[in-house]
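Remarks on the overall topology
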Amino acid sequence: MGSFKLGKMTLGGLFKQPETIQYPVQTKTPPPGLKGHVANDVANCILCGICQKRCPCGAITVDKPGRTWTIDRFRCVQCGSCVRECPKDCLTMEPSYAPPAAKKHVDAFEVPDAKKTA
């Protein structure tokens, strides 16, 4: 009886599409509800540092004198705490997979000076 089930699965697998994909070449469509990764709209960022304080794993670093905002994507757990706490709504969760990386790196963004109007 068990061999009949095994034969049915084997023959059925010959006529189906494969379950796996060639990842770097082909990408799956992201499922609904995927958190994705943190993206920063640096034009609206005021370097307040609230996202750095709220990050539970310390993945975000804000350097106000140097005007840089950095995130270590390997430390980020995609919890969304920084996105919820941002007062200017410049942080968002982009629902896409992060590209594959061969080694650890930190994404650094230069924040331009806000032009003060009189």
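Reading the values: rules and limits
Residues numbered from 1 in each chain as written. Predicted model: local features only at pLDDT ≥ 70, side-chain atom pairs only at ≥ 80, totals over all residues. Heavy atoms only, no water. Core = buried A, V, L, I, M, F, W, Y, C linked by side-chain atoms within 4.5 Å. Buried < 20%, exposed > 50% of the residue type's maximum accessible area, 1.4 Å probe, protein only. Helix = DSSP H or I, 4+ residues; strand = E, 2+ residues; numbered from the N terminus. Contact = heavy atoms within 4.5 Å. Pairing = 2+ DSSP bridges. Axes fitted to C-alpha atoms, helices over the stretch in contact; angles between N-to-C directions. pLDDT = per-residue confidence, 0-100. Phe/Tyr/Trp six-rings, centres within 6.5 Å; stacked < 30°, edge-to-face > 60°. Disulfide = S-S within 2.5 Å.

With respect to the nonpolar core
- Grouped together as the largest cluster of nonpolar side chains are 16 residues, with contacts concentrated most on Val38, Cys51, Ile60, Trp69 and Leu91.
- Secondary-structure elements contributing two or more residues to this core are strand S2 (60-63) and strand S3 (68-71).
- If we skip the residues at most four places from it in the chain, cysteine 51 touches Ile60, Val62, Trp69, Cys82 and Leu91.

Points about the sheet that holds S3
- Ordered in space as S2-S3-S5, the 3 strands form an open sheet in which the pairing is antiparallel. The open sheet has two free edges, formed respectively by S2 and strand S5 (107-110), since each of these has just one partner strand. Along the sheet, successive strands turn relative to each other by an average axial angle of 15°, direction set aside.
- The pairing of S3 with S5 spans 4 bridges and is classified as antiparallel. Bridged to isoleucine 71 within S5 is aspartate 107.

A look at the confidence of the model for the protein
- A residue-level look at the protein finds 94% of positions with pLDDT of 70 or above and a mean pLDDT of 85.
- Confidence, expressed as mean pLDDT per element, reaches its minimum in the protein at helix H1 (residues 2-14) with 77 and its maximum at S2 with 96.

Structural notes on the packing of aromatic side chains
- Considering all chains together, one arrives at 1 aromatic pair under this definition.
- On the basis of an interplanar angle of 40° and a centroid distance of 5.8 Å, the ring pair of tryptophan 69 and phenylalanine 109 is categorised as tilted. With tryptophan 69 in strand S3 and phenylalanine 109 in strand S5, the pair connects residues that are 40 residues apart, well separated along the chain.
- What makes phenylalanine 109 partly exposed here is its relative accessible area of 27%.

Here's the deal with the state of the cysteines
- The tally for this structure, following the rule as stated, stands at 0 disulfides.
- Sulfur of cysteine 45: no disulfide; nearest cysteine sulfur belongs to cysteine 90 and is 4.3 Å away.
- Of all cysteine sulfurs, the one in cysteine 57 lies closest to cysteine 76, which takes part in no disulfide; the gap is 5.7 Å.

Considerations on the pairing of S3
- Burial of the side chains of S3 extends over both faces: Thr68 and Thr70 are buried on one face and Trp69 and Ile71 on the other.
- The sheet contact formed by S2 and S3 spans 4 bridges and is antiparallel. Across the sheet, residue valine 62 finds its bridge partner in S3, namely tryptophan 69.
- Between S2 and S3, which follow one another and run antiparallel, lie 4 residues, and arginine 67 among them has a positive phi close to 55°.

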